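# What the coordinates show
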Amino acid sequence: LKKDSQVLESFVVSNDESGIATLLQRLERYKNNTFSIKAAIESTGNLWINMYEALERNGIDITLANPLKTKAIAEAKIKSDKIDAAVLADLARADLVSRCYVPDRSIREMRSLVRHRIGLAQRGTQLKNKVYNILDKYTLRYDGRLFSDTGLRWLDSQNLSTIDRQLVNSYLKEISTITELIGDVEKQMASIAIADEKVDLLLGFTGIDYYGALLLIN
């Protein structure tokens, strides 16, 4: 905590519910003073979210700093949490922090859902490629959609080694589970998209479904 260049208070809190509560209690004593409170935290994975939201809810002017663009920190030869915090405090006081864009909570949650849907699809594609790789060993090709009901019946009739058959069956079970999970996620996404006016506008364009619309706005 700094006013001008003077350190008013220095302390360590844990990045959990208890630590955040302690931080808010300490900040409360400065709210009635003649200077405004500014805060800055670095963007590190998802570790910043709880702290950021707690400070934001309590009326603190909070900035999410991009550590790669905050050169005074990113290029420091000696790095520690204490040094980084002191430099970040000075930058925040001078309004020199390189800010990260922080969308509101509903958009952040939708982005997480969209990323989850993308991740599931990517995993499904990886598993399907594993099945194709096994078929390549036997120079087998199916003229059609392999993972349709007809294609799967054809696949089940092929003469594979015991190990390869076990692998294929395992991959197919995972693919089936992933397909079900994707369906669940898409239902949730659809229920959210219905209430979004921006999605409704994008659906008016040819070739854009609700999933594509959500990708565009998030």
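The next point concerns helix α4 (residues 81-93). The end-to-end C-alpha separation of α4 is 18 Å, in line with the 18 Å expected for 13 residues at 1.5 Å each. Every buried residue belonging to α4 is among Asp84, Leu88, Leu91 and Ala92, and all of these are buried. Buried residues of α4, viewed axially, fall in a sector of 95°; they line one side.

Put simply, helix α1 (residues 17-28) and helix α2 (residues 49-57) touch, their axes get as near as 10 Å, and they point 30° apart. Remark: the crossing between α1 and α2 carries right-handed chirality. In this structure, α1 uses Ile20, Leu23, Leu24 and Leu27 to contact α2, whose residues at the interface are Asn50, Met51, Ala54 and Leu55.

Every buried residue of α2 is listed here: Met51, Tyr52, Glu53, Ala54 and Leu55. Those residues of α2 hidden inside the fold are in contact with α1, β3 (38-42), β4 (61-65) and α5 (105-137). After α2 finishes, the residue glycine 59 shows a positive phi value of roughly 75°.

Calculation criteria
Residues numbered from 1 in each chain as written. Predicted model: local features only at pLDDT ≥ 70, side-chain atom pairs only at ≥ 80, totals over all residues. Heavy atoms only, no water. Helix = DSSP H or I, 4+ residues; strand = E, 2+ residues; numbered from the N terminus. Expected span 1.5 Å × (residues − 1). Buried < 20%, exposed > 50% of the residue type's maximum accessible area, 1.4 Å probe, protein only. Arc of directions from axis to C-beta. Axes fitted to C-alpha atoms, helices over the stretch in contact; angles between N-to-C directions. Left-handed = near helix turned anticlockwise from the far one by under 90°. Contact = heavy atoms within 4.5 Å.

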